[in-house]
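Architecture at a glance
Each chain, written out:
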Amino acid sequence: MKLSSAFIALAACVVGANAQACSSYVVRKELRSLTATEWSRTVRVVNLLQQSGWFAWYAYLHTANFEIIHGCEIFFPFHRRFLRDFESVGQQYDPQFFLPYWDEMRDYANPAASTILSANYIGTNGKGSDSCVQDGNVANWKMTYPNSHCLRRQYNNGSTISAWYSPEYMQSILSRSTAMSQLRPAIEYSIHGSVHLALGGDMVMDWSPNDFAFWLHHANIDRLWFVWQMQNPAQNFWNVAGVDANGKSLNLLSTIPYYGDQILSTMQPGYMNMCFYYDNSQTIARKRSLPNKRDEMKCIPRPAAAIPPLNDGVFDDVDALPIPSDTYIKDTIVASLPSDVLNKWFPTYTNGSGASQNSTTDYSNVPPAPINDADYSSSSVSDESSSQSASGASSEESDYSDVDDSIDSESSDFPIDGDYSAIVVPTDNGSGILNENQSTEGEYSQSYQMFDADENPDAYGIDGSGPKYPMPNPFPLTAQWVKMHHLSPDVIREHYSQATEFVTDLNSAGYQSPFAKGATDNTDGSASSDASSSADNASSSDDASVEDVAAPADAAANTDTVTA
């Protein structure tokens, strides 16, 4: 991407005179693109965070605020602040640490075969009667919150994972959403919930931050929000239309639960405490670091990396894609879909504006934040008010804010029941299932079929027509998940109905998703042997090098490594 010279001047006043650009920042990358050194660093820091009690702390914090950070528009700002908190604490162990993201959409057709879910990366399915994860960078983790237990995963289809949401559908959401009140539920009730349920175990509990997969997953959710912000900056960038958990309308000066920061402080990566960019915006970061106009003139765009070839319209190796899957499929959508399907599902692409993975985003189109400068305070509210949790208790009252003290894994003084029990997720037997034990009238129940071949045989190549690899339906949210989040069954049914209608329309149009074949084997993974061995070394040496890092007064301190 290019950044116009006007943006440099504009950026300083985008949120008013008090806006501060980060003096340094990190670039968050897709996990598969990390070098062996970067992955080794990630493994080491994450293990130190686990051993020092930080994963328990974040699991607690997420649990304590669970009901007020989901099912409402505070979802995006809270989790962006939450991610940055985690990343900043990691940077106290290693200033070069950054939080990668997992482009899960490219793995949608066969998630369990993803390289990410392999021993070379974050590990596979849980094993044994307790479903303990025994490989990857989280192998044999012993969790201390909400009680002492192994890190658990429990795939939603036994040893495999049913299909989740495609990059095409996520791009459709980005295209069709004109306000956060549309974007948030569309993402929260699709790829967000789908991945949590697919991995199961700790990931389907309030304390899902126990699993490193949570952080990779939510970094991708946050990236999608940022993509949407920049898709139509005049409309989207500062858009927080919606309500909090109490039904109160949000604005940029509304505060984020627990942290007490204004939502405004999270809206612009690279400013305030949001000292990060995503790899699809690193040209922005590079140009912002240029000291003068002469250096800017010397800067030429980095040539695009080669896109791997398609075979029968699909990738044989989804790991080799050098850009996010949702970016790649823009051109495919415009070139492959008839106008009626394009207009219905991708309205911003009808004039070609959404096409081309090489398109340049003109950041000079980002307008100033729609607030008065006098109303904005760049500083957080007082420590007492910024540490309010869902229950209204301050961190001092809860006595759980200072993780400088070691967390006793045997302690039972946690604010929820001690017995761990995973939510039982129904399995897909290949012919369609009905979620069990929640079919009572008024509660959510959704049947599932991977392919609607009986109703739409032409769309699934039954008679030789249609795509060779048809797009599967995503696995729906479960009754237990809907009940746990206090969601409206009617709303969830409507969102899922749109998703299956989308699949039918694209398959019926003969569209071949480049990612519909999916990966076939992840036993070797894409991480090089150097990455694997260096990760093993980092993991094995951590026990002797753990240093406690006290919870900082402001955990999002600028400790990044790229100097601006």
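Residues numbered from 1 in each chain as written. Predicted model: local features only at pLDDT ≥ 70, side-chain atom pairs only at ≥ 80, totals over all residues. Heavy atoms only, no water.

The name recorded for the chain in an unreviewed UniProt entry is Tyrosinase copper-binding domain-containing protein, from Coemansia erecta.

**Let's talk about the overall build of the chain**
Just so we agree on the cut-off: Strands are runs of DSSP state E lasting at least two residues, helices are runs of H or I lasting at least four, and both sets are numbered from the N terminus onward. Categorising residues by exposure relies on relative accessible area from a 1.4 Å probe, with only protein chains included: less than 20% of the type maximum marks a residue as buried, more than 50% marks it as exposed, and the intermediate range marks it as partly exposed. Contacts are assigned to residue pairs with any non-hydrogen atoms lying within 4.5 Å of each other. Shrake-Rupley sampling with a 1.4 Å probe provides the accessible areas, and residues are treated as covered by the protein chains on show and by no other component.
The helix and strand inventory of the chain stands at 17 helices and nine strands. Residue burial in the chain is summarised as follows: out of 564 residues, 57% are buried. Considering only contacts in the chain between residues 6 or more positions apart, those separated by 24 or more positions represent 78%. For the chain, the computed accessible surface area is about 21900 Å², with 46% contributed by carbon and sulfur atoms.

**Quick word on helix H7 (residues 212-231)**
Quick reminder of the rule: Here, expected helix span is obtained from the residue count minus one, scaled by 1.5 Å. Any pair of N or O atoms that falls within 3.5 Å is considered a polar contact. Within protein, one atom must be able to donate a hydrogen and the other to accept it, and sequence-neighbouring residues count only if both atoms are side-chain atoms.
With 20 residues, H7 extends 29 Å between its outermost C-alpha atoms, agreeing within 8% with the 28 Å of an ideal straight helix rising 1.5 Å per residue. H7 sits mainly inside the fold: 19 of its 20 residues count as buried. Its side-chain oxygen placed 2.9 Å from the backbone nitrogen of Ala213, Asp211 serves as the N-cap of H7.

**Notes on the packing of helix H3 (residues 54-64) against helix H4 (residues 75-93)**
When two helices pack together, their arrangement is given by the angle between the helix axes and the distance between those axes. Rule in force here: Note on geometry: axes are C-alpha line fits, over the in-contact stretch for helices, and angles between N-to-C directions span 0 to 180 degrees. Roughly parallel means an angle under 35 degrees; roughly antiparallel, over 145; roughly perpendicular, 65 to 115; everything else is oblique. Put simply, a crossing is left-handed when the front helix is turned counterclockwise from the back one by less than a right angle, and right-handed when it is turned clockwise. In this classification, Asp, Glu, Lys and Arg are treated as charged, Ala, Val, Leu, Ile, Met, Phe, Trp, Tyr, Cys and Pro as nonpolar, and every other residue, Gly included, as polar.
At a closest axis distance of 12 Å, the pairing of H3 and H4 adopts a crossing angle of 165°. As judged from the angle between their axes, H3 and H4 are roughly antiparallel. Crossing handedness for the pair H3 and H4: right-handed. Contacts from Trp54, Phe55, Tyr58, Leu61 and His62 of H3 reach H4 at His79, Phe82, Asp85, Phe86, Val89 and Tyr93. Considering only residue class, the contact of H3 with H4 consists of eight nonpolar, two polar and one charged.

**Description of the UniProt feature "domain: Tyrosinase copper-binding" (unreviewed entry) in the chain**
Filter applied, for reference: UniProt positions are given in the numbering used here, feature names are shortened, and annotations may be inferred rather than shown by experiment.
UniProt records the feature "domain: Tyrosinase copper-binding" (unreviewed entry) for residues 70-87 in the present numbering. Span residues 70-87 is 72% helix and 0% strand, its end C-alpha atoms 21 Å apart.

**Re unusual backbone geometry**
Cis geometry marks the peptide bond from Tyr145 to Pro146, where omega comes out at 5°. Mapped onto the secondary structure, Pro146 falls in the loop between strand E2 (142-143) and strand E3 (149-150). Despite not being glycine, Asn140 shows a phi value in the positive range, around 60°. When you line up the elements, Asn140 lands in the loop between H4 and E2.

**Description of the pairing of strand E1 (residues 24-28)**
What counts is decided by this rule: Pairs of strands are assigned from DSSP output, requiring at least two bridges between the strands.
Across the five residues of E1, five count as buried, placing the element largely inside the fold. The side-chain alternation of E1 yields two buried faces, one formed by Ser24, Val26 and Arg28 and the other by Tyr25 and Val27. Pairing geometry for E1 and strand E4 (residues 276-278), over three bridges, is parallel. Across the sheet, the residue bridging to Arg28 is Tyr278, located in E4.

**Side note on the pattern of salt bridges**
The following threshold applies: Salt bridges are counted wherever a side-chain nitrogen of Lys or Arg sits within 4 Å of a carboxyl oxygen of Asp or Glu.
For the structure on display, the rule yields 21 salt bridges. Residue Lys29 is joined to Glu38 by a salt bridge in which the shortest nitrogen-to-oxygen separation is 2.6 Å. Classification of Lys29 by relative accessible area gives partly exposed; the value is 22%. Note that Glu73 is salt-bridged to Arg184, the shortest N-O span being 2.8 Å.

**Some remarks on the nonpolar core**
Rule in force here: As used here, the term nonpolar core means buried Ala, Val, Leu, Ile, Met, Phe, Trp, Tyr and Cys residues forming a set that is joined through side-chain atoms within 4.5 Å.
Counting residues in each nonpolar core, the largest one holds 130 residues, and the members touching the most others are Phe55, Tyr58, Ile122, Met170, Ile187, Phe212 and Trp215. For this core, the leading source of residues is H7, giving 13 residues. Not counting residues within four places of it along the chain, the set of residues in contact with Phe55 comprises Val46, Leu49, Gln50, Phe86, Trp141, Met143, Pro209, Asn210, Asp211, Phe212 and Trp215. Counting residues in each nonpolar core, the second largest holds five residues, with Cys22, Tyr25, Cys275 and Tyr277 among its members.

**Looking at the packing of aromatic side chains**
Operational definition: Aromatic contacts are taken between Phe, Tyr and Trp rings whose centres are within 6.5 Å, Trp giving its six-membered ring; a plane angle under 30 degrees counts as stacked, one over 60 as edge-to-face, and the others as tilted. Whether a charge lies above a ring is judged from NZ of Lys or CZ of Arg, which has to be within 6 Å of the ring centre and within 35 degrees of the ring normal.
One pass over the full model with this rule turns up 34 aromatic pairs. Look at Tyr258 and Tyr259: their rings are 4.9 Å apart centre to centre, the planes differ by 75°, and that puts the pair in the edge-to-face class. Of the two residues, Tyr258 and Tyr259, both sit in the buried class. Residue placement shows Arg28 over the ring face of Phe276; its charged tip is 3.7 Å from the ring centre. Over the ring of Tyr259 we find Arg81, and its NZ or CZ is 4.3 Å from the ring centre.

**Quick look at the packing of helix H6 (residues 180-199) against H7**
It is the contact of H6 with H7, at a shortest axis distance of 11 Å, that shows an interaxial angle of 155°. Taken together, the axes of H6 and H7 lie roughly antiparallel to each other. Remark: the crossing between H6 and H7 carries right-handed chirality. Only Ala213, Phe214, His217, His218, Ile221, Leu224, Trp225 and Trp228 of H7 make contact with H6, whose side of the interface consists of Met180, Leu183, Ile187, Ile191, His192, Val195, His196 and Leu199. For the contact of H6 with H7, the per-class residue count stands at 12 nonpolar, four polar and no charged.

**Notes on the state of the cysteines**
In plain terms, the rule: In what follows, a disulfide is any cysteine sulfur pair within 2.5 Å.
Under the counting rule described, the total for this entry stands at two disulfides. Between the sulfur of Cys132 and that of Cys150 lies a disulfide, 2.0 Å long from S to S. An S-S torsion of about -80° defines the bridge between Cys132 and Cys150 as left-handed. With a gap of 18 residues between them, Cys132 in the loop between H4 and E2 and Cys150 in strand E3 connect regions that are remote in the sequence. With respect to class, Cys132 is no different from Cys150; both count as buried.

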